[in-house]
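What follows is the residue order along each chain.
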Amino acid sequence: QQEKDQTQQEQEQVQEQKPVLTTETYQEMLNNLKQVSGEVRKSVVEIQGAVTEEEFSKDQEKSISGMIVADNGQELLILAGELPVKDAKIIRVTFSGDSQCDAILKSRDAGLGLCVYAVQRKNIVDDVWAQIETATLGGSKVVSEGDTVIAVGKLYGCDTIAGYGVIESGENYLDKADGQYQTIYTDVAGDISGSGVLVNIRGEVIGIINTSVRTDDQTNKISGYGISDIKDVIELLSNGKNVPYLGVSGVEVSSEMQGQGIPQGVYVKEVDAGSPAMAAGIQSGDIITNIADTDIINLLGYHNTLMKQNVGDKILVRGKRQGTGGEYVDIDFGVTVGYKQ
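The paragraphs below set out a description of the structure included in this document. (Residues numbered from 1 in each chain as written. Predicted model: local features only at pLDDT ≥ 70, side-chain atom pairs only at ≥ 80, totals over all residues. Heavy atoms only, no water.)

## So, the sheet that holds strand S8 (residues 161–176)
Spatially, six strands are ordered S7-S8-S9-S12-S11-S10 in a closed barrel, and the strand pairing comes out antiparallel. Sheet twist, expressed as the average angle between the axes of neighbouring strands with direction ignored, equals 40 degrees. Sheet analysis places strand S7 (residues 148–154) next to strand S10 (residues 195–199), joined by five bridges and oriented antiparallel. Among the inter-strand pairings, Val152 is bridged to a residue of S10, identified as Val197. Contacts from helix H2 (residues 23–40) reach S7, S8 and S10 within the one sheet, and its direction differs from that of S7 by about 40 degrees. (Pairing = 2+ DSSP bridges. Helix = DSSP H or I, 4+ residues; strand = E, 2+ residues; numbered from the N terminus. Axes fitted to C-alpha atoms, helices over the stretch in contact; angles between N-to-C directions. Contact = heavy atoms within 4.5 Å.)

## Focus on unusual backbone geometry
The backbone of Asp87 shows a phi angle near 55 degrees, a positive value even though the residue is not glycine. On the secondary structure map, Asp87 appears in the loop between strand S3 (75–81) and strand S4 (90–94). Located in the positive-phi region is Asp178, a residue other than glycine, with phi close to 70 degrees. Of note, Asp178 is situated in the loop between S8 and strand S9 (179–189). For Asp178, a relative accessible area of 2% corresponds to the buried category. (Buried < 20%, exposed > 50% of the residue type's maximum accessible area, 1.4 Å probe, protein only.)

## Quick notes on the pairing of strand S12 (residues 221–226)
The side chains of a regular strand alternate between both faces of the sheet. Extensive coverage of S12 is indicated by the burial of five of its six residues. Taken together, the four bridges between S9 and S12 define a ladder with antiparallel strand orientation. Opposite Ala189, over in S12, you have Lys221 as the bridge partner. In this structure, strand S11 (residues 205–209) lies alongside S12, joined through three bridges in antiparallel fashion. Opposite Ile208, over in S12, you have Tyr225 as the bridge partner.

## What about the packing of aromatic side chains?
Tallied over the full model, the rule gives one aromatic pair. Centre to centre, the rings of Tyr181 and Tyr225 are 6.3 Å apart; their planes meet at 75 degrees, and the pair counts as edge-to-face. Residue Tyr181 is found in strand S9, and its partner Tyr225 is found in strand S12; the two are separated by 44 residues along the sequence. Classification of Tyr181 as buried rests on a relative accessible area of 6%. By relative accessible area, which is 0% here, Tyr225 ends up buried. (Phe/Tyr/Trp six-rings, centres within 6.5 Å; stacked < 30°, edge-to-face > 60°.)

## Some details on the environment of Leu300
Among the secondary structure elements, Leu300 is positioned in helix H8 (residues 299–307). By relative accessible area, Leu300 is classed as exposed at 56%. C-alpha of Leu300 to C-alpha of Ala103: the two residues are 197 residues apart in sequence and 34 Å apart in space.

## Focus on the pattern of salt bridges
Under the defined criterion, the tally for this structure stands at 14 salt bridges. One salt-bridge network, held together by shared partners, links Glu53, Arg92 and Asp102. (Salt bridge = Lys/Arg side-chain N within 4 Å of Asp/Glu carboxyl O.)

## Considerations on the layout of surface pockets
Taken as a whole, the largest pocket spans an internal volume of roughly 410 Å³. Those elements giving two or more residues to the lining of the largest pocket turn out to be strand S2 (63–71), S3, S10 and S11. Looking at the lining of the largest pocket element by element, the count peaks at five residues for S2. Partitioning the lining of the largest pocket into residue classes produces twelve nonpolar, 14 polar and four charged. For the second largest pocket, the calculated volume is near 300 Å³. Along the walls of the second largest pocket sit 15 residues, with Gln180, Asp229, Leu299, Leu300 and His303 positioned nearest its centre. Contributing elements (two or more residues each) for the lining of the second largest pocket: S9, strand S13 (248–252) and H8. (1 Å grid on protein atoms, 1.4 Å probe; cavity = no way out; pocket = protein on both sides within 12 Å on 5 of 7 lines; lining within 4 Å. Points joined across faces, edges and corners; volume = space filled by probe spheres on them. Nonpolar A, V, L, I, M, F, W, Y, C, P; charged D, E, K, R; others polar.)

## Examining the sheet that holds S3
Spatial ordering of the closed barrel is given by S1-S2-S3-S6-S5-S4, a layout of six strands whose pairing is antiparallel. Adjacent strand axes in the sheet meet at a mean angle of 40 degrees, parallel and antiparallel pairs treated alike. Bridge count for strand S1 (residues 44–50) against S2 is five bridges, and the pairing is antiparallel. For Val44, the partnering residue across the bridge sits in S2 and is Met67. Strands S2, S3, strand S5 (100–109) and strand S6 (114–120) of the sheet are contacted by helix H5 (residues 231–238), whose axis makes an angle of about 120 degrees with S5.

Dropping the structure here:
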């Protein structure tokens, strides 16, 4: 009986420690989320493109959301996806206070479908400066299933709004040429034209909404790239540089694969047609072991080493190729670093 009473007492203590969710606490939580999203919206803009001024006035819905990532003293730099209007001659940015400024496409990475647009600082009046902020970039590697997430942007392809929900998964990766990129899936509703940013409860950007990372069961939910894996791309684009590109899709040679006699390095699964890698003679099945005098043991090392190169550089890529007898032999490739167009 004494043990039973003790167990009941412990259960009562645990219940006492659990916070009781009331209408007031729920409302307080919502107010906190709205406050965070309100601050984030100061760094979120709308970008619209058109070929002519007349088309611009007619196509008010053909726009995307972007975020202000930097101020280099002369330009305000905005990260976003590609505009729905191809070959736009006029690009216009609408800030959170509805003030508009003309912009230019500063740089573009076709591989990830990301662009940086620039607005001249001299064209932004003081009143607008007081209403905008540069986004705070967080880290996406620490996100977990069930974490609260806020999506801010054109979630339905129309007005800029905020959506609240949780992260369904942050442990998936999308294979792209020359790297793997973390994808974040949420339960926040949004359609295929959705754009904008994903932020945590501290208002830090943890993801960029991008429709290309959606899966078949995510067609009506918001998803995007994790911010940690694209920070180097953002930096390059913000500096007006092209993102280095070889065109290799590969995987790390696992210990199990090494046990089968495959050398350590990056196993080439596929080579993009017309890519610098294909022009140099790299083939599916090759193992890349060294890039520009840096040993490569996994895909992360491959990606990080490539990002340190400059477009136009001629580099030596060392690897191994399986011979007719099954043995692997050394093979070198002279590759000119390109960029995805």
